[in-house]
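Observations on the three-dimensional arrangement
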Amino acid sequence: MKKIRLLAGAALSAVLLAGCGSGSGDSDGANGTGSTGLTVLAAASLTDVFTEAADLFAQEHEGVTVEFSFAGSQELAAQIRQGVPADAVVTADTATMESVAEETGEPAVIARNELVIVTPPGNPGGVEDLTDLAQGGLRLVLAAPEVPVGRYGEEILDRAGVSVTPVSQEPNVRAVLSKVRLGEADAGLVYATDAASAGEDVLTFPIPAEQNVIAAYPAAVLNTSEHPDEAAAFVAWLGTEPARDLLTAAGFVTP
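Scoring rules and cut-offs
- Throughout, residues of each chain are indexed from 1 in the direction in which the sequence is written.
- For a predicted model such as this one, the threshold for reporting local features is a pLDDT of at least 70, and the threshold for listing and counting side-chain atom pairs is 80 or more; totals across whole chains, interfaces and linings nevertheless cover every residue.
- Hydrogen atoms and water are omitted, and side-chain values are computed over all heavy atoms in the structure.
- Any residue under 20% of the maximum accessible area for its type is buried, any over 50% is exposed, and the rest in between are partly exposed; the area is computed with a 1.4 Å probe on protein chains only.
- Put simply, DSSP H or I for four residues or longer makes a helix, DSSP E for two residues or longer makes a strand, and each gets a number counted from the N terminus.
- Assignment of crossover handedness uses the view with strands pointing away from the viewer, where a clockwise path from the first strand over the helix to the second indicates a right-handed crossover.
- Here, a strand pair is defined by DSSP locating no fewer than two bridges between the strands.
- Where helices are involved, their axes are fitted lines through C-alpha atoms of the stretch in contact, as for all axes, and angles between N-to-C directions lie from 0 to 180°.
- Left-handed describes a crossing in which the near helix is turned anticlockwise from the far one by less than a right angle; the clockwise case is right-handed.
- For this analysis, residues touch if any pair of their heavy atoms sits within 4.5 Å.
- All residues other than Ala, Val, Leu, Ile, Met, Phe, Trp, Tyr, Cys, Pro, Asp, Glu, Lys and Arg, Gly among them, are scored as polar; the first ten of these are nonpolar and the last four charged.
- Oblique is the label for any angle not under 35 degrees, not over 145, and not in the 65 to 115 range, which are roughly parallel, roughly antiparallel and roughly perpendicular in turn.

In terms of burial, strand β1 (residues 36-43) is largely enclosed, as 8 of its 8 residues are buried. Neither face of β1 is exposed, since T36, L38, V40 and A42 on one face and G37, T39, L41 and A43 on the opposite face are all buried. Read as a crossover between parallel neighbours, the route from β1 over helix α2 (residues 47-60) to strand β2 (residues 64-71) is right-handed. Where β1 meets strand β3 (residues 88-90), 3 bridges bridge the pair, whose relative direction is parallel. Opposite A42, over in β3, you have V90 as the bridge partner.

This part covers the packing of α2 against helix α8 (residues 228-237). Packing of α2 against α8 leaves a shortest axis separation of 11 Å and a crossing angle of 120°. Crossing geometry of α2 relative to α8 is assigned as right-handed. Residues A53, L56, F57 and E60 of α2 lie in contact with α8, whose contacting residues are E230, A233, F234 and W237. Here the residues of the contact of α2 with α8 sort into 6 nonpolar, no polar and 2 charged.

Take the packing of α2 against helix α9 (residues 241-249) next. Axis separation between α2 and α9 bottoms out at 10 Å; the angle between their running directions is 160°. In this view, α2 runs roughly antiparallel relative to α9, as classed from their interaxial angle. As α2 packs across α9, the resulting crossing turns out to be right-handed. In this structure, α2 contributes V49, E52, A53, L56 and E60 to the contact, and α9 contributes P242, L246 and L247.

Note: strand β4 (residues 108-119) against strand β9 (residues 214-221), 6 bridges, orientation antiparallel. Bridging across to β9, R112 finds its partner in A216. Both β4 and strand β8 (residues 203-206) contribute to a ladder of 4 bridges, which runs antiparallel. Pairing of I117 across the sheet is with F205, part of β8.

Next up, the structure:
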């Protein structure tokens, strides 16, 4: 009966992730191999690097696969409170993780990040620093203040004494980056790693260290995980050298 419950739980997770349009690998028993499928809720800014991490983790842990549901950290917290089936969570800030502390084990910071300014390749707004974001007519896009990167952006602008009026506030950092890449915005504030992932599709301008904010990414096992040992192994693996190498190559700073 226990095995049947595990298979049913993992099948439900697979259906959920299919609806979200994200994830990789096979869920528990879905391909008849009897492998254990983990579901990890992860911050949108981890999309590229975690896709690679899933493959590497599976190579090192035979019989265990990982699927991800990527979203803004505030949405991940809402999913946890709603009881969405999952095994672990990685947020882009400690505040969000603390808000679901009763639902998780002890978190561990696995990476850090910082913000940059991005513009389309032609830089139509002539943006070079934070003060330029206040110019009239500039189509500035930020993440919503409920999202970690949105809060970080507000803090940075406050430190710089810059008052802005964004044309939109997006649900996650990837949405901000997409607006800039498509030329629908003249500038945006995103994580350095997201800017790097866009390559030549955007121009990147650094933010001085005294005005910037360092984002911490904690990871934790969910108390409702049906695979707590495997989930704990994944969270621990994120602190190992192979995982740190992936994160560093993507532009993150590791502990």
